[in-house]
Amino acid sequence: MIYRTAAVVAGALLIAACADNTTADNAAAGDSASAAPASTAPVATPADTATLAAGEPVQAAIYGQWQVAQARLTDPSARVQAYGDAQLAALKGLWLNIGRNSAKWSGSAIAGDPAAYSSFISACANPAPRESGSAGGVELTCADGQRFGPPDADGEPTLQLEGDDNLTVRWFDGVTLELRRAS
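Residues numbered from 1 in each chain as written. Predicted model: local features only at pLDDT ≥ 70, side-chain atom pairs only at ≥ 80, totals over all residues. Heavy atoms only, no water.

S.K.: Hey, could you run me through the nonpolar core in this one?
M.R.: Ranked by size, the top nonpolar core spans 32 residues in total, and within it Trp 105, Phe 120 and Leu 177 carry the most contacts. A total of four residues in this core trace back to one element, the largest contributor, which is strand S1 (residues 64-73). Ignoring sequence-local partners within four residues, the contact set of Trp 105 consists of Val 68, Leu 94, Trp 95, Leu 96, Ile 110, Phe 120, Ser 122, Phe 148, Val 169, Trp 171, Leu 177 and Leu 179. (Core = buried A, V, L, I, M, F, W, Y, C linked by side-chain atoms within 4.5 Å. Buried < 20%, exposed > 50% of the residue type's maximum accessible area, 1.4 Å probe, protein only. Helix = DSSP H or I, 4+ residues; strand = E, 2+ residues; numbered from the N terminus. Contact = heavy atoms within 4.5 Å.)

S.K.: Where do I start with the pairing of strand S6 (residues 137-141) in this structure?
M.R.: The side chains of a regular strand alternate, first on one face of the sheet and then on the other. Taking burial as the measure, the five residues of S6 include four buried ones, the bulk of the element. The pairing of strand S5 (residues 128-131) with S6 spans four bridges and is classified as antiparallel. Its bridge partner being in S6, Pro 129 is matched across the sheet by Leu 140. Here S5 folds back onto S6, and the loop between the two strands holds five residues, one of which, Gly 133, carries a positive phi near 65°. Judged from the two bridges that link them, S6 and strand S7 (residues 159-162) form a sheet pairing that is antiparallel. Among the inter-strand pairings, Val 138 is bridged to a residue of S7, identified as Leu 159. (Pairing = 2+ DSSP bridges.)

S.K.: When you look at the pattern of salt bridges in this model, what are you seeing that I'm missing?
M.R.: Pairing of side chains with opposite charge becomes possible as their charged atoms draw close. In total, this model carries four salt bridges according to the counting rule given. Two residues, Glu 178 and Arg 72, come together in a salt bridge whose shortest N-O distance is 3.1 Å. Of this pair, Glu 178 sits in strand S9 (residues 175-181) while Arg 72 is found in strand S1, placing the two residues 106 residues apart along the sequence. In this structure Glu 178 comes out as buried when scored by relative accessible area, which is 12%. The closest approach of N and O atoms between Arg 147 and Glu 139, which form a salt bridge, is 2.9 Å. On the accessibility criterion, Arg 147 (27% relative accessible area) is partly exposed. Taking the relative accessible area as the measure of exposure, Glu 139 reaches 10% and is therefore buried. Put simply, Arg 130, Glu 139 and Arg 147 are held in one network by salt bridges that share partners. (Salt bridge = Lys/Arg side-chain N within 4 Å of Asp/Glu carboxyl O.)

Given below as structure tokens:
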């Protein structure tokens, strides 16, 4: 019992010391807590890192947090389009969080008007990445056996890794999203 108590006290002191160093480091750098803008990004967990576990395919590099940098219509000349310019602009505020436990979209557009962005509400439990189509193409298979996202169209994969920090997502309703890795 004494060892457990000592371990708890030591842990609390370590946390306090780290917090004091962070505050001191920020003060020394001229930063103040009130000047730091609040982040709207989802908080990453250790399970959401892009580090590959032993035996995982290269496609597992898809794990991480991704922010929409650009949204456009996949085929602007299509006869029916679900999104106009305002909706496409709102998609730039979305995040795609792909972790080992889940894959899901988040952002103020979804929270503000879930009916208009219903295709972004779906979530995927325990996504398993595997190669799909051309180089960099990735398919996420959920725990229930379903795919995360629409089926590949015209030979183009739904998710396409481009280097380490770029991801193209061809989503429902004829929308293509260009994402950048946030973490």
